[in-house]
Amino acid sequence: MHTPEKDKERPTEGTTHRVALEGDWVLESAAGQLKYLAEQVVRLVERQPRPACAEIDLAMVTGIDACGCQLIAIFLEKLQRQQVTARPCHIPEEVRNTFSQLGFAGILAGSAATEEDAR
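Residues numbered from 1 in each chain as written. Predicted model: local features only at pLDDT ≥ 70, side-chain atom pairs only at ≥ 80, totals over all residues. Heavy atoms only, no water.

Participant: Kindly report on the packing of aromatic side chains, identifying the contributing residues and their values.
Facilitator: Two descriptors summarise a pair of aromatic rings, namely the distance from one centre to the other and the angle between the planes of the rings. Scanning all chains against the criterion turns up 1 aromatic pair. Here the aromatic rings of F99 and F104 are separated by 6.4 Å at their centres, their planes lie at 85°, and the arrangement is edge-to-face. This pair shows no difference in class: F99 is buried, exactly as F104 is. (Phe/Tyr/Trp six-rings, centres within 6.5 Å; stacked < 30°, edge-to-face > 60°. Buried < 20%, exposed > 50% of the residue type's maximum accessible area, 1.4 Å probe, protein only.)

The following block contains the structure:
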């Protein structure tokens with residue numbers, strides 16, 4: 001039997017899904033972070049219907065270095081290649097500064113509108 005409650009549970013085309021990143025994104029934790037990102041790509045790509053957008057929440061990232069920036073950049077690129085628009089959001093100032101200093105600021109360019117929406 002079809003009920004309105006079931007409609008709320010069913011994802012619709014174009015739904016935005018949230019992926020939260022947290023902790024230190026540094027060389028020492030890269031293996032665990034890489035595994036987590038790979039699992040998130042599979043989860044998003046295999047979801048039916050496939051989401052059009054993924055909100056990548058960086059609010060709980062406590063530290064980041066060049067290795068962490070590279071992992072996140074590759075993750076965002078992989079989602080784009082799978083036709084999932086990745087939107088970084090809630091980016092702590094320290095993380096934003098590190099991305100910029102290391103030449104990765106361009107990958108956060110799409111986050112401005114999402115940042116405004118969050119305020």
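After that view of the structure, there is still more to cover.
Participant: Just give me the short version of the pattern of salt bridges, but keep the residues and values in it.
Facilitator: Within the structure shown, the criterion is met by 3 salt bridges. With a closest N to O distance of 2.9 Å, R18 and D57 form a salt bridge. Pair noted here: R18 is in strand β1 (residues 16–25) and D57 is in strand β2 (residues 53–64), with a separation of 39 residues, a long-range link. Residue K35 pairs with E39 through a salt bridge whose shortest N-O separation is 3.9 Å. Of this pair, K35 and E39 both sit in helix α2 (residues 30–46), separated by 4 residues, roughly a single helical turn. By relative accessible area, which is 55% here, K35 ends up exposed. (Salt bridge = Lys/Arg side-chain N within 4 Å of Asp/Glu carboxyl O. Helix = DSSP H or I, 4+ residues; strand = E, 2+ residues; numbered from the N terminus.)

Participant: Talk me through the packing of α2 against helix α3 (residues 66–81); I want residue IDs and the actual numbers.
Facilitator: At a minimum axis separation of 11 Å, α2 and α3 run at an interaxial angle of 10°. Our classification of the angle between α2 and α3 gives roughly parallel. Counting all contacts with α2, which are made through A30, Q33, L34, L37, Q40, V41 and L44, the residues of α3 involved are C67, L71, F75, K78 and L79. When its residues are assigned to classes, the contact of α2 with α3 shows 9 nonpolar, 2 polar and 1 charged. (Axes fitted to C-alpha atoms, helices over the stretch in contact; angles between N-to-C directions. Parallel < 35°, antiparallel > 145°, perpendicular 65-115°, else oblique. Contact = heavy atoms within 4.5 Å. Nonpolar A, V, L, I, M, F, W, Y, C, P; charged D, E, K, R; others polar.)

Participant: An account of α3 is requested, with residue identities and associated values reported.
Facilitator: Along its 16 residues, α3 runs 22 Å from first to last C-alpha, staying within 8% of the 22 Å computed at 1.5 Å per residue. For α3, every residue scored as buried is listed here: C67, G68, C69, L71, I72, A73, F75, L76 and L79. Where α3 is buried, its residues meet β1, α2, β2, β3 (85–89) and α4 (93–101). Between the side-chain oxygen at the start of α3 and the backbone nitrogen of C67 there is a gap of 3.0 Å, and the oxygen is on D65. Immediately beyond the C-terminal end of α3, within one or two residues, lies Q83, with a positive phi of roughly 60°. (Expected span 1.5 Å × (residues − 1). Polar contact = N/O pair within 3.5 Å; in protein donor to acceptor, adjacent residues only side chain to side chain.)

Participant: Explain the nonpolar core to me, using residue names and the numbers behind them.
Facilitator: Counting residues in each nonpolar core, the largest one holds 28 residues, and the members touching the most others are L21, I56 and L79. Sorting elements by how many residues they give to this core places α3 first, with 8 residues. With sequence-adjacent residues up to four places away left out, I56 is seen in contact with V19, L21, F75, L76, L79, A86, R87, P88 and C89. (Core = buried A, V, L, I, M, F, W, Y, C linked by side-chain atoms within 4.5 Å.)

Participant: Talk me through the sheet that holds β2; I want residue IDs and the actual numbers.
Facilitator: Ordered by their spatial adjacency, 3 strands build an open sheet running β1-β2-β3, and the pairing between neighbours is parallel. Looking at which strands have only one partner, the edges of the open sheet turn out to be β1 and β3. Neighbour-to-neighbour, the strand axes of the sheet open up by a mean angle of 25°, direction not taken into account. Bridging between β2 and β3 involves 5 bridges; their strand directions are parallel. Within the sheet, the bridge partner assigned to D57 lies in β3 and is C89. (Pairing = 2+ DSSP bridges.)

Honestly, that's just the spatial picture; any functional story needs more than this.
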